[in-house]
Amino acid sequence: MEQGWYTVLIPEKKDLTAKGYLQQLIKIEKRVFPKHESMASVFEAELRKRNTCVAVAVVNSTEVIGYILWTRERSEGKIVKLCVAPEYQKRGVGGRLLDTVRPFPVLFLTTATMGGWG
């Protein structure tokens, strides 16, 4: 999904590390969320779970500027995290990431889940 100056991808999990996305996700997570809300220390373990999915917003196919993490259970899902780097907030990136999961039956988005999603 291309949005002019950035692209939203749903990468294969193996590509998260190979393309350097994982380290960037963790870096953004640490910048946006306070330590008590951050998943940085468990991000890799969460992504290893079979039912966990992630979409990333990238600039120039290399720089991650945001992500959405969700889980799927049978016929419903749960948004775990939605995060946009501070310098890209209020530019529609979070909304575009949410649009990415709309085709999936996803429920349970709370404000504690979001970090700079505008």
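This text follows the structure it describes.
Quantities reported herein were computed from a predicted structural model and do not represent experimental measurements.

Undergrad: How should I be thinking about the nonpolar core in this particular structure?
TA: Grouped together as the largest cluster of nonpolar side chains are 37 residues, with contacts concentrated most on Leu25, Phe43, Val54, Val56, Tyr67, Ile68 and Leu97. Broken down by secondary-structure element, the contributors of at least two residues to this core are strand 2 (6-9), helix 2 (21-32), helix 3 (43-48), strand 3 (52-59), strand 4 (63-73), strand 5 (76-84) and helix 4 (93-101). In terms of residues, this core owes the most to one element, strand 3, which gives seven residues. Not counting chain neighbours up to four residues away, the residues in contact with Phe43 comprise Leu22, Leu25, Ile26, Glu29 and Tyr67.

Undergrad: When you look at the environment of Leu22 in this model, what are you seeing that I'm missing?
TA: Along the chain, Leu22 turns up in helix 2. Since its relative accessible area comes to 6%, Leu22 is described here as buried. Taking C-alpha positions, Leu22 is 9.1 Å from Val64, a pair spaced 42 residues apart along the chain. Those residues in contact with Leu22 that sit more than four places away from it in its chain are Leu16, Thr17, Phe43, Glu44 and Leu47.

Undergrad: Mind showing me how you'd approach the packing of aromatic side chains here?
TA: Aromatic ring pairs: the centre-centre distance and the angle between the two ring planes describe each pair. Applying the stated criterion across every chain yields a total of three aromatic pairs. Centroid distance Trp5 to Tyr88: 5.7 Å. Interplanar angle 20°. Geometry classified as stacked. Highlighted residues: Trp5 in the loop between strand 1 (2-3) and strand 2 and Tyr88 in the loop between strand 5 and helix 4, separated in sequence by 83 residues. By relative accessible area, which is 34% here, Trp5 ends up partly exposed. For Tyr88, a relative accessible area of 14% translates into the label buried. Arranged with centres 5.4 Å apart and planes meeting at 80°, the rings of Phe43 and Tyr67 form a pair that is edge-to-face. Of this pair, Phe43 sits in helix 3 while Tyr67 sits in strand 4; the two residues are 24 residues apart in sequence, bridging distant segments of the chain.

Undergrad: What exactly am I supposed to notice about the pairing of strand 5 here?
TA: Each regular strand displays side chains that alternate between the two surfaces of the sheet. In terms of burial, strand 5 is a largely internal element, seven of the nine residues being buried. Direction of pairing for strand 4 relative to strand 5: antiparallel, over a ladder of eight bridges. Residue pairing in the sheet places Ile68 in a bridge with Leu82 of strand 5. The loop that links strand 4 with its antiparallel partner strand 5 comprises two residues; one of these, Arg74, has a positive phi angle of about 50°.

Rules used in this analysis
Residues numbered from 1 in each chain as written. Predicted model: local features only at pLDDT ≥ 70, side-chain atom pairs only at ≥ 80, totals over all residues. Heavy atoms only, no water. Core = buried A, V, L, I, M, F, W, Y, C linked by side-chain atoms within 4.5 Å. Buried < 20%, exposed > 50% of the residue type's maximum accessible area, 1.4 Å probe, protein only. Helix = DSSP H or I, 4+ residues; strand = E, 2+ residues; numbered from the N terminus. Contact = heavy atoms within 4.5 Å. Phe/Tyr/Trp six-rings, centres within 6.5 Å; stacked < 30°, edge-to-face > 60°. Pairing = 2+ DSSP bridges.

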